[in-house]
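# Close look at the chain arrangement
Listed here are the chains, written in short residue letters.
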Amino acid sequence: MRYSVLTLFPNQVKNFLSESILGRAMEKGVLSVECIDIRDFAGNRYGKVDDTLFGGGTGMLMQCEPVYQAFSSLYNRDSEKKPHCIFMSPKGQVLTQSKARELASFDHLVFLCGHYEGIDQRVLDEIVDEEISIGDYVLTGGEVAACVVIDCISRMIPGVLPNSEAYEEESHMQGYLEAPQYTKPNIWHDQEVPEVMLSGNHAKIKEWKRLHGLYDTWKKRPDMLVKLDVSAEDWKKLLEIDKETQERNSIHKNEN
Ligand code: SAH
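Residues numbered from 1 in each chain as written. Predicted model: local features only at pLDDT ≥ 70, side-chain atom pairs only at ≥ 80, totals over all residues. Heavy atoms only, no water.

Another aspect to go through is the state of the cysteines. Under the criterion given, the structure shown has zero disulfides. Between Cys35, a free cysteine, and Cys147, which holds the nearest cysteine sulfur, the sulfur-to-sulfur gap is 7.7 Å. Distance from the sulfur of Cys147, which forms no disulfide, to the nearest cysteine sulfur (Cys113) is 7.6 Å. Here Cys147 falls in the buried class, since its relative accessible area comes to 5%. (Disulfide = S-S within 2.5 Å. Buried < 20%, exposed > 50% of the residue type's maximum accessible area, 1.4 Å probe, protein only.)

Structure below.
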């Protein structure tokens, strides 16, 4: 996968993406990220790329031509196909796991990051294929948002994580949340790891994870659970888990 990020603050993006799992994926050559500084295409000595708003209003708006030139530098208009361009925007479709999965199938993605008041609409109309938001709130710039989207897509690209199991069982991948997880020691603060986890019985562990994933979805994200067709049999088991959980929590609270 090749990512190109068009930004006024390339270091923000580079610093975030060069660490940890994504940094290693880049070293291995599974991913490449190039950050294009829109200011390099300012076309004036001062590196000025924004101006005041027509019609009034506070703040500055990024101008068309530097953005257009930065985007055009990524490919040869005569011989190459236009790369898929995503504008990071609070007006866009809110990122979901399935959207990220869809984007993971591209070979090259361009992320356009706005700053200040945003970007002149005319260049957006000309180069942008889709707008993506990372949530219903407003950030100072699209850089953090682009990093979020890149991070989410990259986990699903072969070679980034050890194997596909590492992400297929995560929260949101199957429409519900992941079950609680445990590591050593077996007992911590008098709390034991659920017995089944130490049983070595893979079928039982799988079923425990499925039911406890559903249980967490019910408790934490009921809006997600209503979209799942939970069977009467599973509901019975979820109610049992609920009873056990409440008993365990009350014992634990009384002890502490
Ligand atoms: N005037 C714009 C907000 C500009 S914020 C409006 O009201 O719609 C500056 C830039 O930050 C935007 O151009 C966009 O690139 C980025 N940004 C802000 N909030 C975002 C969000 N929730 N998701 C993705 N990008 C966002």
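Attention shifts here to the packing of helix H1 (residues 10–17) against helix H6 (residues 143–154). Where H1 meets H6, the closest approach of the two axes is 9 Å, and the angle between their N-to-C directions is 30 degrees. Relative to H6, the element H1 lies roughly parallel. For the pair H1 and H6, the sense of crossing is right-handed. When H1 is examined against H6, the residues Gln12, Val13, Phe16 and Leu17 are found in contact with a partner set consisting of Glu143, Cys147, Ile150 and Asp151. Of the residues in the contact of H1 with H6, the class split is five nonpolar, one polar and two charged. (Axes fitted to C-alpha atoms, helices over the stretch in contact; angles between N-to-C directions. Helix = DSSP H or I, 4+ residues; strand = E, 2+ residues; numbered from the N terminus. Parallel < 35°, antiparallel > 145°, perpendicular 65-115°, else oblique. Left-handed = near helix turned anticlockwise from the far one by under 90°. Contact = heavy atoms within 4.5 Å. Nonpolar A, V, L, I, M, F, W, Y, C, P; charged D, E, K, R; others polar.)

On to the environment of Leu22, then. One can find Leu22 in helix H2 (residues 20–28). Residue class for Leu22 comes out buried when judged on its relative accessible area of 7%. Residues Leu22 and Glu207, spaced 185 residues apart in sequence, show a C-alpha to C-alpha distance of 32 Å. When residues no more than four places from it in sequence are discounted, the contact partners of Leu22 are Leu17, Leu31, Asp151, Ser154 and Val160.

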